[in-house]
Amino acid sequence: MNSTVATVCASGCLAVLSVALRPSTAATLEVGSGKPFARIEDANDKAQAGDVVLVYPLAGGKPYERTAVFVKQKGLTFRAVPAGTAWVAVQGKGFNYSGAGST
């Protein structure tokens, strides 16, 4: 009788443990005109490991200017999402990408 109770308890404990250890669902963060984030850097700052950042074209074909992203999160994905014939444009003109001063 004790072995039956122990087996049931072990099965139940394993089921509870597997639910508790299951990773949370990844979030999708959207960047662009009318989206929750206006800048790619802002979405990166809020993103967690495994999240997906969707980057939409800016109105009028404007580029995201002086964009620099330092990714620390494991498994973070950035995706450009074209809108019709508009593509995502990123411009780094005037930005120092040397890494000097990075922390």
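Above: the structure in question.
Residues numbered from 1 in each chain as written. Predicted model: local features only at pLDDT ≥ 70, side-chain atom pairs only at ≥ 80, totals over all residues. Heavy atoms only, no water.

Q: Any chance you could break down the sheet that holds strand 2 (residues 52-55) for me, citing the residues and the numbers?
A: Taken in spatial order, the 3 strands line up as 1-2-4 in an open sheet, and their pairing is parallel. One side of each edge strand has no neighbouring strand; the edge strands of this open sheet are strand 1 (28-31) and strand 4 (77-80). Adjacent strand axes in the sheet meet at a mean angle of 20°, parallel and antiparallel pairs treated alike. Here 4 bridges tie strand 2 to strand 4, and the two strands are oriented parallel to one another. Residue pairing for strand 4: Val52 is matched across the bridge by Thr77. (Pairing = 2+ DSSP bridges. Helix = DSSP H or I, 4+ residues; strand = E, 2+ residues; numbered from the N terminus. Axes fitted to C-alpha atoms, helices over the stretch in contact; angles between N-to-C directions.)

Q: Please set out the nonpolar core residue by residue, giving values where relevant.
A: In this structure, Leu29, Val31, Phe37, Ile40, Ala43, Ala47, Val53, Val55, Leu58, Tyr64 and Leu76 together form the largest nonpolar core, which totals 11 residues. Taken together, the elements giving at least two residues each to this core come down to strand 1, helix 2 (40-46) and strand 2. (Core = buried A, V, L, I, M, F, W, Y, C linked by side-chain atoms within 4.5 Å. Buried < 20%, exposed > 50% of the residue type's maximum accessible area, 1.4 Å probe, protein only.)

Q: Residue-level account of the pattern of salt bridges, with values.
A: Applying the stated criterion across every chain, the model contains 2 salt bridges. The salt bridge involving Glu41 is made with Arg39; its shortest N-O contact spans 3.6 Å. On the accessibility criterion, Glu41 (11% relative accessible area) is buried. Arg39 gets classed as partly exposed once you look at its relative accessible area, which sits at 42%. Between Asp42 and Arg39 there is a salt bridge, with its nearest N and O atoms 3.2 Å apart. (Salt bridge = Lys/Arg side-chain N within 4 Å of Asp/Glu carboxyl O.)

Q: Give a detailed account of unusual backbone geometry, specifying residues and quantitative values.
A: Of note, the phi angle at Arg66 is positive, near 50°, even though the residue is not glycine. Looking at the element boundaries, Arg66 is found in the loop between strand 3 (64-65) and strand 4. Residue Arg66 is classed as partly exposed on the basis of its relative accessible area, which comes to 47%.

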